Amino acid sequence: MSAPVPGETAWEQLLRKLEWALLFFVLLVAAYAFSQYRPLETLSWYVIYLAALGLFVLRYGSFLSAVLLTGPLLLWPLLAGLSYFWSDNPSQTLRSTIQLSMTVFIGAYIGSRFSLHDLCKTLFWVLLICGLVSLAALLGQAAFSYDHNGIARGIFPHKNVLGGRMVLLLICSTLLFAVAWRRLMTPFAAIVALFLIAASQSGTAILMALGLCTVMPVFLTWRAPAPLRLMSYLIGMLAAAVIVWIIFAYDIDPAGVALDALGKERTLTGRSVLWDFAMGLIDQRPLLGTGFDGFWDGRDGSHSSYIQHVFGQDIKNFHNSYLDIAVQLGLVGLGVTLFTGLWYGLRALWGLHHGLDAVAALPAFIFVFVTVYSLSEYALFRQHSLIQILLGATFVMAARFLEESSLSRQGSNPGVPATAAARFPPEAGSRHS
């Protein structure tokens with residue numbers, strides 16, 4: 001995707017190609033593209049680990065810089081590792097801590113070697129491929145593409161995962177369309193994403209998609225001339241009015257949709273009962289929890305095996321990131337997560353304000369997406385998670401942007417305006433240390 005750099009040796013060109021291959025493969029596997037074939041998914045992560053460790057050594061300068069820029073995200077594997085000493089399942093906690101550490105390091109490395117444009121485009125292609133394969137499976141009535149309730153999930157393990165991935169595809173499609181990249185392909189991808197969001201029947205994804213329709217015009221014209229901003233506000237208000245009209249015209253219960261998106265039902269059945277279990281466990285061990293990833297082991301006589309027996313399903317999480325973190329790592333873990341999220345949100349807003357094009361809004365959209373998506377899925381503080389990879393990568397990209405914009409303001413490039421000298425972030429995929 002990036003042009004050869006003048007003076008680059010054949011060895012450096014090979015490493016650069018390996019980095020691109022790693023970026024694509026990591027996003028593909030972390031998106032749960034192979035979730036229906038667990039042995040293949042496990043093997044893929046072994047391959048990723050080997051490739052990443054090799055690049056960490058060969059690009060040790062970039063890797064060490066990325067680790068320093070990762071900042072508070074390093075608290076996640078640190079706290080997870082410390083929980084070994086009070087975990088209900090120490091061996092599982094240790095194994096998962098190693099996986100979480102590698103996930104954080106890989107995300108940080110990606111952030112040090114690529115730009116936001118690189119990440120957005122690669123994520124677009126990965127999710128479009130996943131979306132098209134899911135669509136083909138659904139149209140072909142493949143058994144694996146529907147859950148036990150007959151609801152579409154495509155190649156993913158759950159309908160919410162399908163809906164969430166397609167919301168990310170919709171975000172990437174819109175941002176890339178705004179910068180005039182593949183103006184025919186991006187609308188096509190957006191249509192595929194919207195269709196699969198509807199097919200998934202995921203309340204969270206539907207709400208996020210509707211929200212995008214109202215706020216996207218405003219975000220995309222953040223730094224535009226006043227007339228264009230006024231037009232975007234009018235479009236956003238029109239979209240909101242259309243949504244309200246649909247609610248009344250088709251007698252939609254917005255409260256019920258919102259409750260479903262939050263995992264609650266009026267009858268207090270289903271996920272709300274699962275949440276009640278979580279609250280009870282938090283009350284028992286409120287400060288430090290049961291240990292990272294040590295709860296859902298399914299051992300005989302454990303709380304997790306009892307919950308799985310009650311629901312009659314192989315449940316592996318509470319379908320809520322904040323509750324899962326609080327159960328595993330207590331209020332300390334939840335506090336670390338919220339602190340990191342606040343830090344990330346501030347950096348995302350800084351980049352949105354000073355960025356030069358629409359793709360600069362990607363971290364801000366990821367921040368909003370993760371905040372809402374985590375209400376119905378376990379996506380934060382999790383190893384091998386696409387969300388974890390994206391958070392780590394964009395966090396480092398934002399940190400690089402802050403450093404370079406600070407240097408430009410201090411006059412390191414005399415006569416060059418700060419906004420011109422500090423792009424968000426530069427094309428790092430073509431740079432090497």
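Residues numbered from 1 in each chain as written. Predicted model: local features only at pLDDT ≥ 70, side-chain atom pairs only at ≥ 80, totals over all residues. Heavy atoms only, no water.

**Thoughts on the overall build of the protein**
Helices and strands together make up the secondary structure of the protein, namely 17 helices and zero strands. Put simply, the protein has 433 residues, and 51% of those count as buried. Taking contacts inside the protein between residues at least 6 apart in sequence as the whole, the part at least 24 apart equals 74%. For the protein, the exposed area adds up to about 19,400 Å²; of that, 70% sits on carbon and sulfur atoms. (Helix = DSSP H or I, 4+ residues; strand = E, 2+ residues; numbered from the N terminus. Buried < 20%, exposed > 50% of the residue type's maximum accessible area, 1.4 Å probe, protein only. Contact = heavy atoms within 4.5 Å. Areas by Shrake-Rupley, 256 points an atom, 1.4 Å probe, with all protein chains shown as cover.)

**Re the environment of Thr290**
Turning to its location among the elements, Thr290 is positioned in the loop between helix H12 (271-284) and helix H13 (303-311). Looking at Thr290, the relative accessible area reads 6%, which means it is buried. Note: C-alpha distance between Thr290 and Val327 (37 residues apart in sequence) is 6.4 Å. Not counting the four nearest positions on each side in its chain, Thr290 is found in contact with Trp86, Ser87, Asp88, Arg285, Phe295, Val327 and Gln328.

**Description of the side chain of Ser87**
On the secondary structure map, Ser87 appears in the loop between helix H4 (75-82) and helix H5 (90-113). Classification of Ser87 by relative accessible area gives buried; the value is 11%. Within the local environment of Ser87, its side chain forms a polar contact with the side chain of Thr93, the two groups lying 2.6 Å apart. (Polar contact = N/O pair within 3.5 Å; in protein donor to acceptor, adjacent residues only side chain to side chain.)

**Regarding the nonpolar core**
Of all hydrophobic cores here, the largest spans 100 residues; its most connected members are Leu27, Ile106 and Phe381. Setting aside residues up to four positions removed in sequence, Ile106 forms contacts with Val26, Ile48, Tyr49, Ala52, Phe56 and Ile389. The next biggest cluster of nonpolar side chains, apart from the first, holds 13 residues, and it includes Leu274, Trp275, Trp296 and Val327. (Core = buried A, V, L, I, M, F, W, Y, C linked by side-chain atoms within 4.5 Å.)

**Overview of unusual backbone geometry**
Residues other than glycine seldom take positive phi values, yet Tyr32 does so here, at roughly 70°. The topology assignment puts Tyr32 in the loop between helix H1 (10-30) and helix H2 (38-58). Backbone geometry places Gln141, a non-glycine residue, at a positive phi of 55°. Relative to the helices and strands, Gln141 is located in the loop between helix H6 (116-139) and helix H7 (159-178).

**Some remarks on the packing of H1 against H5**
Between H1 and H5, the least distance of the axes is 11 Å, while the angle of their chain directions is 130°. Our classification of the angle between H1 and H5 gives oblique. For the pair H1 and H5, the sense of crossing is left-handed. On H5, the residues that touch Glu19, Leu23 and Val26 of H1 are Ile106, Tyr109, Ile110 and Arg113. Within the contact of H1 with H5, the residues separate by chemical class into five nonpolar, no polar and two charged. (Axes fitted to C-alpha atoms, helices over the stretch in contact; angles between N-to-C directions. Parallel < 35°, antiparallel > 145°, perpendicular 65-115°, else oblique. Left-handed = near helix turned anticlockwise from the far one by under 90°. Nonpolar A, V, L, I, M, F, W, Y, C, P; charged D, E, K, R; others polar.)

**Details of the environment of Asn160**
The topology assignment puts Asn160 in helix H7. In the structure, Asn160 is positioned 40 residues away from Ser200 in sequence and 7.0 Å away in space, judged by C-alpha atoms. For Asn160, the side chain forms a polar contact with the side chain of Glu377, separated by 3.2 Å.

**Quick look at the confidence of the model for the protein**
Here the protein averages 81 in pLDDT, and 77% of its residues register 70 or above. Ranking the elements of the protein by mean pLDDT puts helix H17 (residues 418-421) last with 38 and H6 first with 95. This stretch, residues 261-269, has a pLDDT under 50; its non-local contacts, to residues over four places away or in other chains, come to 21 contacts. In the predicted structure, residues 412-433 sits below a pLDDT of 50 and forms 60 contacts with residues beyond four places in sequence or in another chain. (pLDDT = per-residue confidence, 0-100.)

**Section: the packing of aromatic side chains**
Think of a pair of aromatic rings as described by two things: how far the centres are apart, and how the planes are tilted against each other in angle. Per the stated rule, a full pass over the model turns up 17 aromatic pairs. Aromatic pair Phe124 and Trp181: ring centres 5.4 Å apart, planes at 90°, arrangement edge-to-face. You can see Phe124 sitting in helix H6 and its partner Trp181 sitting in the loop between H7 and helix H8 (185-200), a full 57 residues away along the chain. Ring plane angle 15° and centroid distance 5.0 Å describe the contact between Phe369 and Tyr373, whose orientation is recorded as stacked. Of this pair, Phe369 and Tyr373 both sit in helix H15 (residues 362-373), four residues apart, which is roughly one turn of that helix. The burial state of Phe369 is the same as that of Tyr373; both residues are buried. Of the aromatic side chains, those joined through ring pairs into one cluster are Phe339, Trp343, Tyr344, Phe367 and Phe395. A cation over an aromatic ring shows up here: Arg183 above the ring of Phe177, its NZ or CZ 4.3 Å from the ring centre. (Phe/Tyr/Trp six-rings, centres within 6.5 Å; stacked < 30°, edge-to-face > 60°. Lys NZ or Arg CZ within 6 Å of the ring centre and 35° of its normal.)

**Quick look at the pattern of salt bridges**
With the rule as written, the count across this model stands at four salt bridges. Note that Arg38 and Glu41 form a salt bridge whose closest N and O atoms lie 3.5 Å from each other. Here Arg38 pairs with Glu41, and both are found in helix H2, just three residues apart, close to one helical turn. A residue is classified by how much of its surface remains accessible, and Glu41, at 10% relative accessible area, is buried. Among the charged side chains, a network of salt bridges with common partners joins Glu19, Arg59 and Arg113. (Salt bridge = Lys/Arg side-chain N within 4 Å of Asp/Glu carboxyl O.)

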